[in-house]
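Tertiary structure, described
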Amino acid sequence: MAGMAAVLGKPTIAKMFGWHPEPLFVAGSIAAVLLYCAAVWRLRRRGDKWPIGRLISWLAGVATVVFATSTGLAAYGTALFSIHMIQHMILSMLSPILLLLGAPITLALRALRPAGRGKRGPREVLLAVLHSRFSAFMSSPLVTLPLFIASLYVLYFTPLLDAAMGNMWGHRWMMIHFLAVGLLFFWPIMGIDPAPRKTGYVIKMLELFAGMPFHAFFGVAVMMSSSLFVNSFATPPASWNVDTLNDQQVGGAIAWAFGEVPTVLVLLVIFSQWMSSEERLARRKDRQADRDGDKELDAYNAYLARLAGGPAAAAVSAESEPESGDEAVDAASAADGEQAVAVSEDRQPAT
């Protein structure tokens, strides 16, 4: 596996970007770009828009996959643990986030034409998969979080990594595994594409943070290691003058530090969605108030007047209380006081 790296010579930054295509990943990346662009073209042909930012994110995600698998980085990743760890972090944390920002499932559901009545086409199959029990199970944090953690601890602290690095197909499986686990972990958390389960924004952040301590501890454990635990990287070419133990510790530092940027990026996505959701909710309430003449606000003001007591307050309550009587008061008592007052800055109750 390390033969290509030995032929390239001692690693340099320029050599990391050299083109050394891996046929499986190059073919998959080309297919991913063509299918995505074809779907966008179909939407625009019928007059629908697709955000350019999502297209850029998808292309950037595919580019990172190609960089991690079909360049000098991939070649040197078979000989040096530190370079291999860069591959791992890109494929499991950076590429999935960029690809998911492209919203491929949403694009597919919009681009695919519904089948005729009684028929089952690609769109119906995709919807059936999304709503299946299998998808609900696989997207559960009880599955995604252990898989994400196992990708580190089970792979690197057992003979599994040496077995995978022993042949080309094992190495390919490992790269695909990194990408798949990252996609599965971040898919329900980011919430850009439809998922089988709906979770609140706070829960999403908790799921995100639940995996980060394990990730950081793994990096620290590798940094503090005093012996080699992966035989595949024990004998780089002698002419490189590489201290293999130091290289392993550098790989641990990369694993520890790399998780910070993707975590911040996902948090920004969650906060952005949260703010957009609150804005949509506020607009819906404003439209409802315009339709019903702010009945909810009037009922709430009447409820406050009753609580205040006194003859004047009782008169205000009698005038502003809707005909529905107790039902309106009960509904008003369940409303959020601060939000109602904010909506009615120029409509304060009489005192």
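Going by the structure above, here's the rest.
Summarised in this report is the structure supplied together with it. (Residues numbered from 1 in each chain as written. Predicted model: local features only at pLDDT ≥ 70, side-chain atom pairs only at ≥ 80, totals over all residues. Heavy atoms only, no water.)

Some points on the overall build of the protein
Helix and strand counts for the protein come out as 19 helices and zero strands. Expressed as a percentage of its 351 residues, the buried residues of the protein come to 42%. Taking all contacts inside the protein whose residues are at least 6 apart in sequence as the whole, residues at least 24 apart take part in 75%. For the protein, the computed accessible surface area is about 18,800 Å², with 65% contributed by carbon and sulfur atoms. (Helix = DSSP H or I, 4+ residues; strand = E, 2+ residues; numbered from the N terminus. Buried < 20%, exposed > 50% of the residue type's maximum accessible area, 1.4 Å probe, protein only. Contact = heavy atoms within 4.5 Å. Areas by Shrake-Rupley, 256 points an atom, 1.4 Å probe, with all protein chains shown as cover.)

Observations regarding a nonpolar patch on the surface
A contiguous nonpolar patch, built from V220, M223, M224 and W256 and spanning about 400 Å² of accessible area, is present on the exposed surface. Locating V220 in the fold gives a position in helix α13 (residues 201-223). Residue classification places V220 among the partly exposed residues on the basis of a relative accessible area of 37%. (Patch = residues over 30% accessible without salt bridge, like charges linked within 9 Å, V, L, I, M, F, W, Y side chains within 5 Å. Salt bridge = Lys/Arg side-chain N within 4 Å of Asp/Glu carboxyl O.)

Focus on the packing of helix α7 (residues 104-111) against helix α8 (residues 122-130)
Contact pair α7 / α8: the axes reach a minimum separation of 9 Å and the direction vectors enclose 140°. Here α7 lies oblique to α8, going by the angle between them. As for how α7 packs across α8, the hand of that crossing is left-handed. Touching I105, A108 and L109 of α7 are R123, L126, L127 and L130, all from α8. Across the contact of α7 with α8, the residue classes tally to six nonpolar, no polar and one charged. (Axes fitted to C-alpha atoms, helices over the stretch in contact; angles between N-to-C directions. Parallel < 35°, antiparallel > 145°, perpendicular 65-115°, else oblique. Left-handed = near helix turned anticlockwise from the far one by under 90°. Nonpolar A, V, L, I, M, F, W, Y, C, P; charged D, E, K, R; others polar.)

Section: the side chain of T106
Within the secondary structure, T106 is located in helix α7. Overall, the relative accessible area of 18% leaves T106 in the buried class. Each residue touching T106, except ones within four places of it in the same chain, is listed here: W50, R54, I192, D193 and P194.

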